[in-house]
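Fold and contact review
Take a look at the letters that make up each chain.
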Amino acid sequence: MQMRRRYRIGAPGLLFLALVIVIGIAAGSRAGNLLVWVFSAMVAWILVSGVVSGAMLMGVRVRRLEPGAGSVGRPLVIRYEVANTNWVWPIVDLRISESRIDPEAATQSHAWLARCGAGEAVHVEGVLWPRRRGRIRLESSVASSQFPFGLMEKSVTTAQPREILVHPQTVPLRPIAFARLVRTGVGQGQRVADGRGGGDDFRGLRPYVPGDPQRHVAWKRSTMLEEPVVIERSTPAPRRLLVILDLTVPTAEVARTIEPGADARQREEDAITLCASLLSHAERDGWEVSLRVVGTRPEPLSSPPSWAFRRGAWHLERLYSMLAAIDLDAARDRHPAARREGGIASAARHAEPDSVRGAVTIAVHPGRAEPAIGGPGAMHLTALHLAELRSP
């Protein structure tokens, strides 16, 4: 890791230095008095401040631990490992922060280390507050200290380039509004699983096995077959929700479809926030969820997103990462081949697996709704619905 050291005199140091000069001039004009002793003590303070802090920072080694993904509006903890390679001087009053962070992208609270003994290593934590979705570039970590007198700031900058992916903001949705929304979808997300289990759906009949509960015996059928058979039920299957984000229309064209004076880019961000909130709410309610982005491809993906429906924190994290990696300045794909075949929906349905059929489909549009997105039975929402569905 490349390291760079630097000294900087702040306002207190400049004031103290000006006072030293004034007292030095006065002491020179009247040698042998108390001003000489005062001047000597102040010069000694400067020398001690430089020597002590300089020797202390010579042994500082800062390593940023791998941070996870952040989320807009939520604190992201940045952890550092601080090692003191000096076997004589301890590290005292050390502040650690990130350099050159765009204030529009995130704000930060520095990590603070009270003391690290000679030859020791400790962990400290700082906090980053992401303010927008996307990527935050971390270039280097800066460890600084004004110990012991606060006259000058000494710092060690360690180059540690790293990118952090910031997930879109998720807002709580009104449960009643969400329930009404998915109730109107075709299929209502319900399905029958292939596995055996204790569900309510009929799967078939099988011969009686000793130990089967008597309430599962199909008595009429057993009489006809002259042998006992039991009713087999299917495994309870969670409902499924497919969220489609429509980004086929460029930002400039979105601006012509919304009310005058409205921010088209903000509408696109609101549409992304609405998608993330729908996925979060549905997964928390026990749904299996999936996401499809139409019109652009998230940067980290080398292939189009899959149609997989899953539950769990890992799957939700992956979907959030897809939304976080969307570059709204990239070129949009209008699917010209799909338009020639009769609309985007027709091209999507050709590749649609069986797992999508029966799922509730919600298409989210930044501006005007495009009925061709999502196919028959899909629910269509615009970015303006975020305020209506949001829980107060």
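Quick note: structure is the one above.
Here's a quick rundown of the structure. These figures come from a predicted structure and were not determined experimentally.

What counts and what doesn't
- Residues numbered from 1 in each chain as written.
- Predicted model: local features only at pLDDT ≥ 70, side-chain atom pairs only at ≥ 80, totals over all residues.
- Heavy atoms only, no water.
- Helix = DSSP H or I, 4+ residues; strand = E, 2+ residues; numbered from the N terminus.
- Buried < 20%, exposed > 50% of the residue type's maximum accessible area, 1.4 Å probe, protein only.
- Contact = heavy atoms within 4.5 Å.
- Areas by Shrake-Rupley, 256 points an atom, 1.4 Å probe, with all protein chains shown as cover.
- Axes fitted to C-alpha atoms, helices over the stretch in contact; angles between N-to-C directions.
- Parallel < 35°, antiparallel > 145°, perpendicular 65-115°, else oblique.
- Nonpolar A, V, L, I, M, F, W, Y, C, P; charged D, E, K, R; others polar.
- Salt bridge = Lys/Arg side-chain N within 4 Å of Asp/Glu carboxyl O.
- Pairing = 2+ DSSP bridges.
- Lys, Arg positive; Asp, Glu negative; His and termini not counted.
- Polar contact = N/O pair within 3.5 Å; in protein donor to acceptor, adjacent residues only side chain to side chain.

Moving on, we get to the overall build of the chain. Within the chain, the regular secondary structure consists of 10 helices and 16 strands. Buried positions account for 43% of the 392 residues belonging to the chain. Of all intrachain contacts in the chain linking residues separated by at least 6 positions in sequence, the fraction that spans at least 24 positions is 72%. Only carbon and sulfur atoms are counted for the fraction: they give 56% of the accessible area of the chain, which is about 21,100 Å².

What follows concerns the packing of helix α3 (residues 175-183) against helix α6 (residues 264-284). For the pair α3 and α6, interaxial distance at closest approach is 12 Å and the crossing angle is 90°. When the axes of α3 and α6 are compared, the pair comes out roughly perpendicular. Side by side, α3 and α6 meet where Pro175, Phe178 and Leu181 of the first sit next to Leu278, His281 and Ala282 of the second. The residue makeup of the contact of α3 with α6, split by class, is 5 nonpolar, 1 polar and no charged.

As enumerated under the stated definition, the model contains 17 salt bridges in all. The salt bridge involving Arg133 is made with Glu269; its shortest N-O contact spans 2.9 Å. With Arg133 in the loop between β8 (121-130) and β9 (134-145) and Glu269 in helix α6, the pair connects residues that are 136 residues apart, well separated along the chain. For Arg133, a relative accessible area of 11% puts it in the buried group.

This part covers the environment of Leu278. By the secondary structure assignment, Leu278 is in helix α6. Classification of Leu278 as buried rests on a relative accessible area of 0%. Put simply, Leu278 and Leu389 are 111 residues apart on the chain and 9.6 Å apart in space, counted from C-alpha to C-alpha. Residue contacts for Leu278: discarding those within four places in its chain leaves Leu173, Phe178, Leu181, Leu241, Val243, Ile362, Val364 and Leu381.

Pairing is antiparallel across the open sheet formed by 4 strands, whose spatial order is β2-β4-β8-β6. Two strands in the sheet have a free side with no partner beyond their single neighbour: β2 (60-64) and β6 (106-109). Geometrically, the sheet is characterised by an average inter-axis angle of 30° between neighbouring strands, direction not taken into account. Alignment of β2 against strand β4 (residues 76-84), held across 5 bridges, turns out to be antiparallel. When the bridges of β4 are listed, Val62 appears paired with Val82.

Turning our eyes to something else, we now look at the side chain of Lys154. Locating Lys154 in the fold gives a position in strand β10 (residues 152-167). Salt bridges are absent for the buried Lys154, whose nearest opposite-charge side chain, Glu153, sits at 8.8 Å. At 2.8 Å, the side chain of Lys154 forms a polar contact with the backbone oxygen of Met152. With residues up to four places along the chain from it excluded, the contact list for Lys154 reads Arg6, Tyr7, Ser49, Ser53, Leu57, Ala143, Ser144, Ser145, Gln146 and Phe147.

Moving on, we get to the sheet that holds strand β14 (residues 288-294). Taken in spatial order, the 4 strands line up as β14-β13-β15-β16 in an open sheet, and their pairing is parallel. Two strands close off the open sheet at either side, each with one partner strand: β14 and β16 (379-382). Taking the axes of each pair of neighbouring strands and ignoring which way they run, one obtains an average angle of 20° across the sheet. Across 5 bridges, the pairing between strand β13 (residues 240-246) and strand β15 (residues 360-365) is parallel. Counterpart to Val243 in the pairing with β15 is Ile362. In the packing of α6 onto the sheet, contacts are made with β13, β14, β15 and β16, and the angle to β13 comes to roughly 175°. Here helix α7 (residues 313-324) sits on the sheet in contact with β13 and β14, set at roughly 15° to β14.

Moving on to the packing of α6 against α7. Two numbers describe how α6 lies on α7: the axes approach to 10 Å, and their chain directions differ by 175°. One finds that α6 runs roughly antiparallel with respect to α7. Mapping the contact onto sequence places Ile272, Cys275, Ala276, Leu279, Ser280 and Glu283 in α6 and Leu316, Leu319, Tyr320 and Leu323 in α7. The class makeup of the residues in the contact of α6 with α7 is 8 nonpolar, 1 polar and 1 charged.

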